[in-house]
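Survey of secondary and tertiary structure
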Amino acid sequence: GNLYHPRKCSATGKLITSKDHSSVQFNVGEVNAKGLFTGKRKAYAFSGFVRSSGESNSSLERLVREQ
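Residues numbered from 1 in each chain as written. Predicted model: local features only at pLDDT ≥ 70, side-chain atom pairs only at ≥ 80, totals over all residues. Heavy atoms only, no water.

**Side note on the nonpolar core**
Of all hydrophobic cores here, the largest spans eight residues; its members are Cys9, Ile16, Tyr44, Ala45, Phe46, Val50, Leu60 and Leu63. Of all the elements in the fold, those that place two or more residues in this core are strand E4 (37-46) and helix H2 (56-66). With three residues, the top contributor of residues to this core is E4. With residues up to four places along the chain from it excluded, the contact list for Phe46 reads Cys9, Ser10, Ala11, Ile16, Ser23, Val24, Phe26, Arg51, Ser56, Ser59, Leu60 and Leu63. (Core = buried A, V, L, I, M, F, W, Y, C linked by side-chain atoms within 4.5 Å. Buried < 20%, exposed > 50% of the residue type's maximum accessible area, 1.4 Å probe, protein only. Helix = DSSP H or I, 4+ residues; strand = E, 2+ residues; numbered from the N terminus. Contact = heavy atoms within 4.5 Å.)

Written out as structure tokens, the structure is:
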């Protein structure tokens, strides 16, 4: 069945509750040296708190660069 899978905020590491309706998840594709999609992707989730504080863009950029 459809079970709820809790997520953690990629920026803060805190649990995103099922009631956080302003949270988002991005799937970022991996590209090779030629800029072609490799078929791999990484999910990044951000809580509503991080989004409302205006930190999701800089957090996403930081997390992607760390990969």
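Structure shown, so let's carry the discussion forward.
**Topic: the packing of aromatic side chains**
Evaluated as defined, the whole model comprises one aromatic pair. Looking at Lys42, its charged tip hangs above the ring of Tyr44, at a distance of 5.7 Å from the centre. (Phe/Tyr/Trp six-rings, centres within 6.5 Å; stacked < 30°, edge-to-face > 60°. Lys NZ or Arg CZ within 6 Å of the ring centre and 35° of its normal.)

**Some thoughts on the confidence of the model for the protein**
The predicted model of the protein averages 92 in pLDDT, with 99% of residues at 70 or higher. In the model of the protein, H2 stands out as the element of lowest mean pLDDT, 91, in contrast to strand E2 (residues 15-16), which has the highest, 96. (pLDDT = per-residue confidence, 0-100.)

**Let's talk about the pairing of strand E3 (residues 24-31)**
Two elements, E3 and E4, share seven bridges in a ladder whose sense is antiparallel. Its bridge partner lying in E4, Val24 is registered against Phe46. With antiparallel pairing between neighbouring strands as the criterion, E3 and E4 make up a hairpin whose turn holds five residues, including Gly35 at a positive phi of roughly 85°. (Pairing = 2+ DSSP bridges.)

**Some details on the pattern of salt bridges**
Evaluated as defined, the whole model comprises two salt bridges. Here Glu61 and Arg65 are joined by a salt bridge, their closest N and O atoms 3.1 Å apart. Here Glu61 and its partner Arg65 are both found in helix H2, four residues apart, which amounts to about one turn of the helix. With a relative accessible area of 45%, Glu61 lands in the partly exposed category. (Salt bridge = Lys/Arg side-chain N within 4 Å of Asp/Glu carboxyl O.)

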